[in-house]
Structures are given as C-alpha cells and as structure tokens.
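One letter stands for each residue in the lines below.
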Amino acid sequence: MDFVEAHAAALFPICRPLLDWYAAAHRQLPWREAPTPYRVWVSEIMLQQTRVQAVIPYYERFLSLFPDVGALAEAPQDRLLKAWEGLGYYSRARNLQKAAQQICQRLGGRFPETYEGWLSLPGVGPYTAGAVCSIALGLPVPAVDGNVLRVFARLLALEEDIGAPAVKREMTRLAAAILPADRPGEFNQALMELGATVCLPGKTPLCGSCPLSGHCRAFSDQNQALFPLKSPKKPRKIQPITVFLLSYQGQFALIRRPDTGLLAGLWEFPHADGTLDAAQSAALLADWVRLAGPPDRLEPAVHIFTHLQWHMTGWKWDVGEVLPGCPFQWALPRQLQNQYPIPSAFSPFLFQCNCEK
Ligand code: SF4
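Every value quoted in this text rests on a predicted model; they were computed, and no experiment measured them.

Criteria and cut-off values
- Counting of residues starts from 1 at the beginning of each chain's written sequence and follows it residue by residue.
- The predicted nature of this model means local features are confined to residues of pLDDT at least 70 and side-chain atom pairs, given and counted, to a pLDDT of 80 or more, with totals for whole chains, interfaces and linings taken over all residues.
- Hydrogens and waters are ignored; side-chain quantities use all the structure's heavy atoms.
- Secondary structure counts use DSSP, requiring at least four H or I residues in a row for a helix and at least two E residues in a row for a strand, with both numbered from the N terminus.
- Burial classes: relative accessible area under 20% of the type maximum marks a residue as buried, over 50% as exposed, and values in between as partly exposed (1.4 Å probe, protein chains only).
- We get accessible surface area from the Shrake-Rupley algorithm with a probe of 1.4 Å; when it comes to residues, only the shown protein chains can shield them.
- His residues and chain termini do not enter the charge count, which takes Lys and Arg as positive and Asp and Glu as negative.
- Taken as the charge location is NZ of Lys, CZ of Arg, CG of Asp or CD of Glu.
- Geometry is summarised by axes, namely lines fitted to C-alpha atoms with helices restricted to the contacting stretch, and by angles between N-to-C directions that run from 0 to 180 degrees.
- Oblique is the label for every angle not falling under 35 degrees (roughly parallel), over 145 degrees (roughly antiparallel), or within 65 to 115 degrees (roughly perpendicular).
- We call two residues in contact when some of their heavy atoms are within 4.5 Å.
- Polar here means any residue outside two lists: the nonpolar Ala, Val, Leu, Ile, Met, Phe, Trp, Tyr, Cys and Pro, and the charged Asp, Glu, Lys and Arg; Gly therefore counts as polar.
- Between N or O atoms, a polar contact is any pair within 3.5 Å; within protein, one atom must be a potential hydrogen donor and the other a potential acceptor, and residues adjacent in sequence are included only when both atoms are from side chains.
- The term salt bridge refers to a pairing of a side-chain nitrogen on Lys or Arg with a carboxyl oxygen on Asp or Glu at a separation within 4 Å.

**Q** I'd like a description of the overall build of the protein, backed by residues and values.
**A** When helices and strands are tallied, the protein shows 16 helices and eight strands. Reported as C-alpha extents along the three principal axes, the dimensions of the protein are approximately 75 × 50 × 35 Å. The proportion of buried residues among the 357 residues of the protein is 48%. Summed over all atoms, the accessible surface of the protein reaches about 17,100 Å², with 54% contributed by carbon and sulfur. Distance between charge centres in the protein, computed from 33 positive and 31 negative side chains, equals 1 Å.

Here's what the structure looks like:
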C-alpha cells in the first residue's frame, strides 16, 4: 500500500474539527486582512526562517515602501536590502525583486494564476506556491511547511525522517489527498496555525488545547515528544574573523560584499579571516590607510548563521590619511543607520559608531 493510501483514512476526520477550530481561534495578522497575491506572497517569503512577531513590523514597513509589484520591481537594491535589514537570509529579498521584475516584464504586471506559474518564479518553491495559490487564489493545492510536517508526524506517529525529501514529497501528496477543495486556503492556514500555536516543537505541545487530540496517535500513546523524527543536524562550522572599525573625519569605512554568496550585495565593516592582533591588522590595512595612534580593542561578538558561526574580534582605529586606491566607502553614522544595508552580524559594532541598533 502506498504512503497516501496507508495514512489518508486516519487524517480525513481532522478536517472538520480543524476548520472549526481555525475559524474560532486564528490570530489576526496583517497579511490575513485582504489576502491579495502580493500581500500573501510577501508575507510567506518573510515568514520563511523568521518568527511571526518579528515579521509583522517588517511586513508593514515593506508594504508601505513597496505597495505593489511595480514598486518592488523598480526599487533600488540598497533601498530594498535596507528594508530587509535584520530579517536575514537576504537572498529572499533579491529573489522577491527578481520575481517582481519577471511579473512586470513577462506578464505585464499580472500575477500568475496557476500553481505552475508561481512555481516558475525565482525564490518560489512548492510550499510558497501552494500557500499563495490556496490562500489568495482559492486553488486546491497543499502548502506543507515545517509546522504541517510536525503535526502530521505526531497525528500519525510517523516513524520516518521528515527531513528526507522523499518523505516531504509523500506528506505533500497526503496533504493534497485530504485537502477540502472548497476551503483550501483556510485548511492550509489552519494546519500551519495549529503547528505554530498548539502543536509546538520540542517537548511542549499544548495537547490539552488541541482540537485534534482525539485523532492523534502520539497523544494517545503519550509519546508526543518523540515526533517528528529527524536525523541530527551537522554542527555549525566556526569561522573566526577580525573586524576593523576605521574612523576618518567622523565617517566610518564600509565595503560592499560580492554580488553572490553569503550576504551578497550588503555593506559591512572591513574585516579579515582569523583572529588578528593589532600589529597583524595594521600590516593588513597599510596599503589603504595611514592609521593614527593605537587602536581600541572591540568587544568580541558571535553571530550564528544556518551552517556557520562567526566568532568576531576587532579593532577600532582613527585614520590619519586615506591612501590612493583605498576601496572603502566612508559613511556618516546616520548613513550607517538609514542608508546602507548592513547585516545584523555587525550590529554589536554599530553602537560604537554612535548608531543605535
Ligand atoms: Fe500535536 Fe498534541 Fe494535537 Fe497531537 S494532540 S496534534 S501532539 S498538539
């Protein structure tokens, strides 16, 4: 028997109580008011990897800066990345803009009307395409995110690794099989909402408040914390770096990251790999600036990316002279704050430039 046949019968009975619960208990969120394709799409991209409460102020500001797909397509890159500053995973913002440009250029500013059309856009995978199509267009397609995988894994006491792509695909087929064709958007949102607010990760699902407890195998076996099964993550690589905070006539040195790779296109303080002492750092900077006086040591900081940790130390120097060929951009404190998109990895150093972060 295939996966869907084996499990669909156990899940069909959740549909009604889940929809009733969602109608009564769902959170009021800005993207749920007037769920147009643009509003749902932007929210779903922001919500990838980021908590709802953190997204809300970014979402509202983003919509006021870029109220429609045309405004997003035409936005200067620094303005776009500045609006995203602090949300992380900046490739999401760049892909959002690339997709907006394709919608304007290829489709005359009209959003795709099919799942496949959405899936063809940069940065839009099966989950996002499913969410936009079901919520904004009413199409009967599933939207399976980590919340849904966790809920299904517990309901079914599933003994398979939900991180495996083949298992995700099967779970998506399963979600499609039980999806009520007349209320796909509500159903998908209800599953996600249950995972986000009741069937919480770790050892603390709120089973006493769950509308599905009567259909849940993990609950009936009292082993909810065993699910979902996941293979252990690889430990993050630790990368030491030394940051240089260089002050010249009230301005601070910045440099732009390459257009591809981690934090592509953002501005950052100059830095070097490794933990360098003051003499090693001064030697490295000697081709570009003449340093004035001894440096101050910066407070160390750690920044965690998905697969990587930066362990940052650094030095703050006054610069006496900028040498020809120096690649740095010099920015006033208010420009650091308002104009240049700077990754939050550097936030611990920004306050030392008289900037609040
Ligand atoms: Fe999750 Fe508990 Fe509800 Fe089962 S009963 S779906 S474990 S919250």
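On we go from here.
**Q** Residues and numbers for the packing of helix α10 (residues 146–156) against helix α11 (residues 165–178), please.
**A** Contact geometry for α10 and α11: axes closest at 11 Å, N-to-C directions at 80°. Looking at the two axes, α10 sits roughly perpendicular to α11. The segment α10 lies against α11, with Leu149, Phe152, Ala153 and Leu156 engaging Lys168, Met171, Leu174, Ala175 and Ile178. When its residues are assigned to classes, the contact of α10 with α11 shows eight nonpolar, no polar and one charged.

**Q** Could you give an account of the packing of helix α4 (residues 52–65) against helix α6 (residues 77–84), with specific residues and numbers?
**A** The geometry of α4 relative to α6 is characterised by a closest axis approach of 9 Å and an angle of 155° between their N-to-C directions. When the axis of α4 is compared with that of α6, the two are roughly antiparallel. Contacts between α4 and α6 involve Tyr58, Arg61, Phe62 and Leu65 from the first element and Arg79, Leu80, Lys82, Ala83 and Trp84 from the second. Counted by class, the contact of α4 with α6 contains six nonpolar, no polar and three charged residues.

**Q** Run through the side chain of serine 43, naming residues and quoting values.
**A** Turning to its location among the elements, serine 43 is positioned in helix α3 (residues 37–47). For serine 43, a relative accessible area of 0% puts it in the buried group. In terms of polar contacts, serine 43 uses its side chain to reach the backbone carbonyl oxygen of valine 40, at 2.8 Å. With sequence-adjacent residues up to four places away left out, serine 43 is seen in contact with Trp31 and Tyr59.

**Q** Lay out the pattern of salt bridges in plain terms, naming residues and giving numbers.
**A** All told, the structure shown has 11 salt bridges when counted by the stated rule. Taking the shortest distance from any N to any O, the salt bridge between glutamate 113 and arginine 110 comes out at 3.1 Å. Accessibility expressed as a relative area gives 55% for glutamate 113, which makes it exposed. For arginine 257, the salt bridge is made with glutamate 268, and the minimal N-O distance between the two is 2.8 Å. Here arginine 257 is found in the loop between β2 (251–256) and β3 (267–268), whereas its partner glutamate 268 is found in strand β3, with 11 residues between them in sequence. Bridged by salt links that share partners, the residues Asp2, Glu170 and Arg173 form one connected network.

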